[in-house]
Number of protein chains: 2
Amino acid sequence: MSNGKIYVVGIGPGDKKHMTFRAVEAIKESDIIIGYKKYIELVNDLIDDKKIVSSQMKKEVERCEKTLEYAEDGKTVALVSSGDAGVYGMAGIMLEIVLKHKSDVEVEIVPGVSASNASAACVGAPLMHDFVTISLSDLLTDWSLIEKRLRLAAEGDFSVAIYNPKSKKRTEQIVIARDIFLKHKDKSTPVAIVRNAKREGEETILTDLENMLNFDIDMFTTVIIGNSNSYIDGGKMVTPRGYKI
Amino acid sequence: MSNGKIYVVGIGPGDKKHMTFRAVEAIKESDIIIGYKKYIELVNDLIDDKKIVSSQMKKEVERCEKTLEYAEDGKTVALVSSGDAGVYGMAGIMLEIVLKHKSDVEVEIVPGVSASNASAACVGAPLMHDFVTISLSDLLTDWSLIEKRLRLAAEGDFSVAIYNPKSKKRTEQIVIARDIFLKHKDKSTPVAIVRNAKREGEETILTDLENMLNFDIDMFTTVIIGNSNSYIDGGKMVTPRGYKI
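Residues numbered from 1 in each chain as written. Chains lettered and ligands numbered in written order. Predicted model: local features only at pLDDT ≥ 70, side-chain atom pairs only at ≥ 80, totals over all residues. Heavy atoms only, no water.

J.: I tried to follow the interface of chain A and chain B on my own but got confused; where do I start?
T.: Between chain A and chain B, the residue contacts involve 69 residues of the former and 69 residues of the latter. Of the roughly 6,500 Å² buried where chain A meets chain B, counting both sides, 63% is carbon and sulfur surface. Residue R149 of chain A is joined to D130 of chain B by a salt bridge in which the shortest nitrogen-to-oxygen separation is 2.8 Å. Our enumeration of links across chain A and chain B arrives at 28 residue pairs in polar contact (both at pLDDT 80 or more). (Contact = heavy atoms within 4.5 Å. Buried area = accessible area lost by both parts, 1.4 Å probe. Salt bridge = Lys/Arg side-chain N within 4 Å of Asp/Glu carboxyl O. Polar contact = N/O pair within 3.5 Å; in protein donor to acceptor, adjacent residues only side chain to side chain.)

J.: Is there a simple way to explain the relation of the copies chain A and chain B in this structure?
T.: Think of it as a corkscrew move, a rotation about one axis and a shift along it, taking one chain copy to the other. Superposition of chain A onto chain B requires a rotation of 180° combined with a translation of 0.0 Å along the rotation axis, giving an RMSD of 0.0 Å. Between the two chains, the operation in question is that of a two-fold axis. Both copies contact each other with a shared surface, as 100% of the interface residues of chain A are interface residues in chain B too. (Least-squares fit on C-alpha atoms with pLDDT ≥ 70 in both.)

J.: Is there a simple way to explain the sheet that holds strand 13 (residues 236-238) of chain A in this structure?
T.: Taken together, the three strands give an open sheet; going across it, the order is 6-13-12 (chain A), and neighbouring strands pair in mixed fashion. Either end of the sheet is taken by a strand with one partner, and the two such strands are strand 6 (124-125) and strand 12 (231-233) of chain A. The strands that helix 4 (residues 91-100) of chain B touches are strand 6, strand 12 and strand 13 of chain A; relative to strand 13 of chain A, the one it contacts most, it runs at about 120°. (Pairing = 2+ DSSP bridges. Helix = DSSP H or I, 4+ residues; strand = E, 2+ residues; numbered from the N terminus. Axes fitted to C-alpha atoms, helices over the stretch in contact; angles between N-to-C directions.)

J.: Help me understand the sheet that holds strand 8 (residues 159-163) of chain A in this model?
T.: Backbone hydrogen bonds are what pair the strands of a sheet, in a parallel or an antiparallel way. Judged by pairing direction, the sheet is mixed, and its ten strands sit side by side in the order 10(A)-9(A)-11(A)-8(A)-7(A)-7(B)-8(B)-11(B)-9(B)-10(B) without closing on themselves. Both edges of this open sheet fall to strand 10 (203-208) of chain A together with strand 10 (203-208) of chain B, since each of them pairs with a single strand only. Adjacent strand axes in the sheet meet at a mean angle of 15° when their direction is disregarded. The sheet contact formed by strand 9 (residues 190-195) of chain A and strand 11 (residues 221-225) of chain A spans five bridges and is antiparallel.

Right under this line is the structure:
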């Protein structure tokens with residue numbers, strides 16, 4: 001086995017308070033830190049004088065190839081990923097590249113607090129019951145499959161955490177998603193719009209399906225849609241688990 | 001507003017390495033630590049000489065009432081919950097009790113690494129795409145709703161993380177769940193059975209829908225079922241995000 005090691009590190013929502021001890025340890029143990037430059041900035045003060053390889057969005061495959069090269073060369077490398085590395089993050093693609101090259105380098109996935117969990121904590125407890133996580137980005141997934149999943153999530157009365165709800169160029173998906181939900185859920189169903197959850201610039205809005213499109217939604221936003229028992233009270237959104245109180 | 005404060009703390013999977021800094025800080029800032037005794041034990045060495053109120057399973061409402069009483073009395077109280085407090089944890093019920101009593105005590109939900117994220121990291125990256133979290137416990141949820149959700153999750157080709165798959169008394173639900181999945185998914189669909197994820201006693205099994213019931217499953221286990229693109233290779237389970245490699 002090569003002497004190098006790859007850590008795929010979920011750094012959590014962005015504020016270091018919400019990183020795990022293992023994530024910090026992995027970064028400190030590494031010789032080289034690789035990641036999308038915004039995420040590197042978030043952990044900058046942990047890095048000291050280590051080598052930094054920062055790269056742009058949409059260069060994920062290249063980034064993993066480079067990570068493997070360094071590890072094969074005997075280095076310990078931390079590939080950083082926001083939230084949990086295993087949810088729309090870098091863990092899967094890194095493992096795919098390692099498998100493709102039939103490399104025997106050790107890969108450790110360091111889990112983190114995902115955007116859905118962080119966003120939920122900002123507004124209360126909207127994901128307390130069975131829930132679905134769906135990304136509206138159709139860059140890597142057929143839109144027809146995303147639409148189908150939105151419909152099934154609505155039919156199943158799941159709470160839903162929506163990732164990548166809207167970008168500058170991709171503005172219509174969230175409108176279609178809301179239309180799908182309105183076919184199965186009441187227009188008063190609680191909705192939370194959480195921007196920059198648990199990091200600098202956190203903004204939370206509690207609204208409902210009827211009014212959700214009146215608020216700013218972007219790529220730093222997670223949208224949480226409740227189930228038929230969810231409610232908003234005292235500035236919190238709660239989905240009851242079912243306890244008799 | 002009362003001077004007291006309630007932290008609902010997600011302590012993560014159990015090994016302190018996977019706790020967040022904020023979770024440790026919240027426990028250290030608190031006068032009183034409340035929780036199910038197994039979870040108190042997991043964080044015991046952080047507690048020093050603080051007052052500990054440990055309680056039994058199924059006493060969740062009582063535990064939250066007690067937490068609120070202490071906080072109304074001016075104390076800072078940490079109510080600990082395993083995994084992420086907002087996923088089948090203590091966050092929702094605590095907020096419900098606070099709202100019921102129309103209390104103005106401050107409640108901060110401290111998110112943690114949930115069992116699904118921890119389990120996924122143990123075996124690779126099986127939750128890299130849209131996924132569903134479903135609990136098979138019908139203690140607080142009608143079984144008919146759980147069955148419906150299992151069916152919709154299977155139809156939508158979601159990856160699925162199953163919580164509370166089986167207890168000593170409740171053994172049939174996982175059998176029915178598998179039957180539902182077999183109607184929509186190939187019998188070779190990868191399945192991960194993860195026991196004590198990211199804590200002492202971690203055990204992982206990679207298998208498939210056909211064979212999953214041949215292995216031990218209990219309340220410390222999370223079962224992850226892949227989507228139609230998931231695969232097992234090199235001892236890892238991966239659900240591709242869709243990158244061309």
